[in-house]
Amino acid sequence: MFNMSLSSSLKAYWKTLNQVLQKLSQRLSLMSQGEESIVKVSLNASSDKLVAFKTKPPPIQKDILSICNDPYTLAQQLTHVELVRKRRGGGEERQPCFSDQKKKTSNLEAYVRWFNRLCYLVATEICMVTKKKQRAQVIEFFIDVARECFNIGNFNSLMAIISGMNMSPVSRLKKTWSKAKTAKFFILEHQMDPTGNFYNYRTALRGAAHRSQTANSNRERIVIPFFSLLIKDIYFLNEGCANRLPNGHVNFEKFVELARQVGEFMTWKQVECPFEEDRAILHYLHTAPIFSEDGLYLASYESESPENQVEKDRWKALR
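Rules of the game
- Residues numbered from 1 in each chain as written.
- Predicted model: local features only at pLDDT ≥ 70, side-chain atom pairs only at ≥ 80, totals over all residues.
- Heavy atoms only, no water.
- Helix = DSSP H or I, 4+ residues; strand = E, 2+ residues; numbered from the N terminus.
- Buried < 20%, exposed > 50% of the residue type's maximum accessible area, 1.4 Å probe, protein only.
- Areas by Shrake-Rupley, 256 points an atom, 1.4 Å probe, with all protein chains shown as cover.
- Axes fitted to C-alpha atoms, helices over the stretch in contact; angles between N-to-C directions.
- Parallel < 35°, antiparallel > 145°, perpendicular 65-115°, else oblique.
- Left-handed = near helix turned anticlockwise from the far one by under 90°.
- Contact = heavy atoms within 4.5 Å.
- Phe/Tyr/Trp six-rings, centres within 6.5 Å; stacked < 30°, edge-to-face > 60°.
- Lys NZ or Arg CZ within 6 Å of the ring centre and 35° of its normal.
- Salt bridge = Lys/Arg side-chain N within 4 Å of Asp/Glu carboxyl O.

K.L.:
What am I meant to see in the overall build of the chain here?
P.N.:
Of the regular secondary structure elements, the chain holds 17 helices and 2 strands. When burial is assessed residue by residue, the chain has 49% of its 319 residues classed as buried. Only carbon and sulfur atoms are counted for the fraction: they give 53% of the accessible area of the chain, which is about 15,900 Å².

K.L.:
Got a minute to help me understand the packing of helix α6 (residues 132-152) against helix α10 (residues 183-191) in this structure?
P.N.:
For the pair α6 and α10, the least separation of the axes is 9 Å and the interaxial angle reads 45°. Considering their axes alone, α6 and α10 lie oblique with respect to each other. Helix-helix and strand crossings are classified by hand; for α6 and α10 the assignment is left-handed. Facing α6, whose interface residues are Ile143, Asp144, Ala146, Arg147 and Phe150, α10 presents Lys184, Phe185, Leu188 and Gln191.

K.L.:
Looking at this structure, I do not really get the environment of Arg87. What am I missing?
P.N.:
With respect to the helices, strands and loops of the structure, Arg87 is situated in helix α4 (residues 71-88). Judged by relative accessible area, Arg87 falls into the partly exposed class, the value being 31%. Separated by 182 residues in sequence, Arg87 and Lys269 place their C-alpha atoms 5.6 Å apart. Ignoring sequence-local partners within four residues, the contact set of Arg87 consists of Lys269, Gln270, Val271 and Glu272.

K.L.:
Explain the packing of aromatic side chains to me, please; I cannot follow it from the model alone.
P.N.:
Centre distance and the angle of the planes are the two values used to describe a pair of aromatic rings. Under the definition given, this model contains 14 aromatic pairs. Judged by centre distance (4.3 Å) and plane angle (40°), the rings of Tyr111 and Phe227 are tilted. One end of the pair, Tyr111, is in helix α5 (residues 101-127); the other, Phe227, is in helix α13 (residues 227-240), and 116 residues separate them in sequence. Just as Tyr111 is buried, Phe227 falls in that class too. The side chain of Arg314 reaches across the aromatic face of Tyr297, ending 3.6 Å from its centre. The side chain of Arg319 reaches across the aromatic face of Trp315, ending 4.4 Å from its centre.

K.L.:
Would you explain the pattern of salt bridges in this entry?
P.N.:
Side chains carrying opposite charge are able to pair once their charged atoms draw close together. Tallied over the full model, the rule gives 11 salt bridges. Here Glu257 ties to Arg260 by a salt bridge, and the two come within 2.7 Å at their closest N and O atoms. Here the residue Glu257 and the residue Arg260 both occupy positions in helix α14 (residues 252-269), the gap between them amounting to 3 residues, near one helical turn. Glu257 gets classed as partly exposed once you look at its relative accessible area, which sits at 25%. Salt bridges linked by common partners bring Asp144, Arg147, Glu148 and Lys184 together as one network.

Here is the structure:
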């Protein structure tokens, strides 16, 4: 009787959870096509408006360096955002049988939208700069921010920054990149390389998780995983493994692994942010205008002229 009741409860629980994960997975399916595809996920559902500037923004518009010119401070504030959003994204999802599915999904999608916004904000901050030397300085600044995110254990912001810098309108700025010191960027890029199912990232994540388990302070307990990949892992574990074994018994190994992954995330999200809130920086991160994809290309072409016919045709269509 107990086994039948447990089996029924587990089945109902994971069926509903699977519906939530399936919806998210559909939006994250482009992940396998490369980092630039990742930043486009859920873009149409984003509540953060993208500004399709047909000309570059006026000089009086603030930029990130006028708000915060210290990479470590910005990495701390990004971590603050991540921890707050992670807390919001895990509450109702623990009880999918008893809560509103739409609300659960929207909480998780909001976390994905933040990732997208950060990607586009990074790309916008680089492409909006008029002078090549200053653009190179912005690139170097975000490289340092990404490194600090890695050191903190904030892999979600790290991946968003790398993805933003790898977007085509940014990566095509060859003259700008030649002026920037990029050795640290390539090291970070290697850490988040999707090769081998993100082997390097998963190794670094395990290291951060071990540090968290033995930590004596909240600063050392911080682990913020690459959220989209976490959702993808849970979804495919749930989909790819049967709930029952061939002999009809419950596949407890599957549920133990699911519980481990979800449990780890639940532990990590309970960590209190050790960094003091900077309202000016947080306000900028949430409200600064960001270019649409067309806006990024237009700003990019105006900074460094199109190099081939495809780029020339696109530039002509945008103007």
